[in-house]
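# Architecture at a glance
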Amino acid sequence: MPTPQIQEKLKTLPTKPGCYLYKDSVGTIIYVGKAINLRNRVRSYFQPAANHTPKVRRLVQNIVDMEYIVVDSELEALVLECSLIKKHQPHYNVRLRDDKQYPYICLTMNEPFPRLIVVRRAKDDKNRYFGPYPNSRAVYNTMELVNRLFPLIACGKSFDGRPVQKPCLYHHLGQCLAPCAGIADKEEYLTAAKDVGDFLEGRQEHILKRLRVEMEEAAEDLAFERAARLRDRLQGVEEVLQRQKVISNDFIDQDVIAVVEDTSGLGSACVQMFYVRGGKLIGQSHYFVEGAGDEMHSDIVQEFVKQYYQNANYIPQEILLPENLTEMGIIQSWLKHKKGKKVEIHVPVRGDKRKLVEMATENAVHALDQIKAEMRAKLGSTEVALNQLAEALGLPESPKRIECFDISNTQGENQVASMVVCENGEMNKQEYRRFKIKREDDKPNDFASMREVITRRLNEAKQNHPRFNRLPSLIIVDGGKGQVAYAKAAMEEVDLHVPLAGLAKQFEHLFLPNESDPIILPRNSQALYLVQRIRDEAHRFANTYQAQVRDKRNTRSLLDDIPGIGEKRRRALQLHFGSISKIRAATVQELAQAPTMNLKIAEVVYEHLHEPA
């Protein structure tokens, strides 16, 4: 039976396309869906005679409220649905777990002299991204090969072509054109950068043809050193080309996708992807999909396709799938819109393409077995750590949610606190919180600051604030008896008690309220490793926030109060000079040469920064 809020909203649902979001009793979004007709689709969930799967029945039982967003077309609804699922990660949706960020190689085409760098996310910018690669080793092996074959910047630094240093060893080895020394021919460099992009995409044939022509021309011109370099590069590319297996005679770009469901009851699945470029297999990766229980196999494939290609840096001409999709037409239209040209989705039933899907399926089975083995080992270690900690602290059960608090300040100024959360042995960064200390007393007092932040956190819980309504199984404070005593006083003030312990840095001993003797965990215990990791993360998070507050305060006090210096000029000055101290040391003429500045404003800045204290 739907709640009164739901019943009222069902009466006014529009018949237009859009997305709907279901919420539970604490306001958490637990499911996101899309519909061509919102009224028909949403009402179908609450029909008494509806033949729902067990998963949908559990979903409906937990729906307390809902909201919807109307759009103009089914395509817009699809795009919005993908964005909402990625943002909220609802429990009852099939979710592509992307906490493991596979590495990419980025060719920085937005720089005067492009270079190769390793990144964890592909962005929608002017750069070219290649990957994802299965691990960092594969990335660096590929970059080492590329740097040996093509004369791009090998040291990884960024240069604009102006001479700033002497050519390094890479230049003398023929592995860099030395833009750092101002001697690089930009046209030749950009040609090499384009070759690198084509090489990483598996398009080596035209590189070979051009290298042969250039080598022969260099030999005819008696430029034997250049001809020798081109010959070596040609041989290197040919060697790579021979190692690559041609697995498709169509010589087009393809993504091959296969899915294997976990039958052990975890409600998960593994997706294997092959990246075929120009008919050659150039890479593969696998992804773990959660929330797949009770879902049709085709639905898992469909949800993966939508979530993966939402932010994919490259969409090929053809995508091979193991099964047909119920939304095949609209997904093809969406991919065509993203790519700017036609994208074919095929479900091969025979021939070489079917063999590709079967090969991907076989690899998905092996990948799932590997993932499960890693999870079992990790889960076993985590359970041991949590059980050891519960036994040491006298807790009735292992602490599933641990919150750790730390205080950070600079000689009493810019006082802040951090709260990090460990759930089931894993850090949950979405649950991290940070606080500015509000005490009127500016003197450094970590004890009073700890009491304030614990008081504020627990008060928010009592008021059922959605960002703080989940109480922890254990609170750990960074410190010894003093911090524990003040945290305990905060609990008494709020009249909300949670198991509490302090981890002292000096000997890594645990302290409990009203206990004079510390609890000493064995040096090799999993529990000690766990609490140290949590405490160190709280310390890192607090220091990062404190540095941000300090820098913002320092920057404002020096620049933002100067007449004529707004946000744009402040950022331009910081980027141009690099630090406040360098801005202060600059002459009026040097200030005037910075972007967005002029002589009049430069004089104002100089006078302000050199006023007597």
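Before any of the text, the structure's been laid out above.
Here's what I pulled together on the structure shown here. (Residues numbered from 1 in each chain as written. Predicted model: local features only at pLDDT ≥ 70, side-chain atom pairs only at ≥ 80, totals over all residues. Heavy atoms only, no water.)

### Things to note about the overall build of the protein
A tally of helices and strands in the protein yields 19 helices and 19 strands. Dimensions of the protein, computed from C-alpha atoms along their principal axes, come out at roughly 90 × 80 × 55 Å. Looking at the protein residue by residue over its 613 residues, the buried ones come to 47%. Relative to all contacts within the protein whose residues are 6 or more apart in sequence, the contacts with residues 24 or more apart total 61%. With the model as given, the accessible surface of the protein reaches about 32000 Å², and the carbon-plus-sulfur share is 49%. (Helix = DSSP H or I, 4+ residues; strand = E, 2+ residues; numbered from the N terminus. Buried < 20%, exposed > 50% of the residue type's maximum accessible area, 1.4 Å probe, protein only. Contact = heavy atoms within 4.5 Å. Areas by Shrake-Rupley, 256 points an atom, 1.4 Å probe, with all protein chains shown as cover.)

### Describing the packing of helix α10 (residues 297–310) against helix α11 (residues 328–339)
Contact pair α10 / α11: the axes reach a minimum separation of 11 Å and the direction vectors enclose 10°. As summarised for this structure, α10 and α11 are arranged roughly parallel, according to the angle between their axes. Residues Gln302, Val305, Lys306, Tyr309 and Gln310 of α10 form the contact with α11, whose own contacting residues are Ile331, Trp334, Leu335 and Lys338. Across the contact of α10 with α11, the residue classes break down as 5 nonpolar, 2 polar and 2 charged. (Axes fitted to C-alpha atoms, helices over the stretch in contact; angles between N-to-C directions. Parallel < 35°, antiparallel > 145°, perpendicular 65-115°, else oblique. Nonpolar A, V, L, I, M, F, W, Y, C, P; charged D, E, K, R; others polar.)

### Section: the side chain of Gln415
Tracing the sequence through the fold places Gln415 in strand β14 (residues 413–423). In terms of polar contacts, Gln415 uses its side chain to reach the side chain of Ser449, at 3.2 Å. (Polar contact = N/O pair within 3.5 Å; in protein donor to acceptor, adjacent residues only side chain to side chain.)

### Details of α10
Its 14 residues place the ends of α10 20 Å apart at the C-alpha level, agreeing with the 20 Å of an ideal helix rising 1.5 Å per residue. Across the 14 residues of α10, 12 count as buried, placing the element largely inside the fold. For α10, every residue scored as buried is listed here: Ser298, Ile300, Val301, Gln302, Glu303, Phe304, Val305, Lys306, Gln307, Tyr308, Tyr309 and Gln310. (Expected span 1.5 Å × (residues − 1).)

### Topic: the pairing of strand β17 (residues 474–478)
Of all 5 residues in β17, 5 are buried; the element is thus mostly enclosed. By the alternation rule, side chains of β17 split into Leu474, Ile476 and Asp478 and Ile475 and Val477, which are all buried. Where β17 lies against strand β18 (residues 500–503), 4 bridges are found, and the strand directions are parallel. Its bridge partner lying in β18, Asp478 is registered against Leu503. Considered for its hand, the β-α-β crossover made up of β17, helix α14 (residues 481–494) and β18 is right-handed. (Pairing = 2+ DSSP bridges. Right-handed = clockwise from strand over helix to strand, strands pointing away.)

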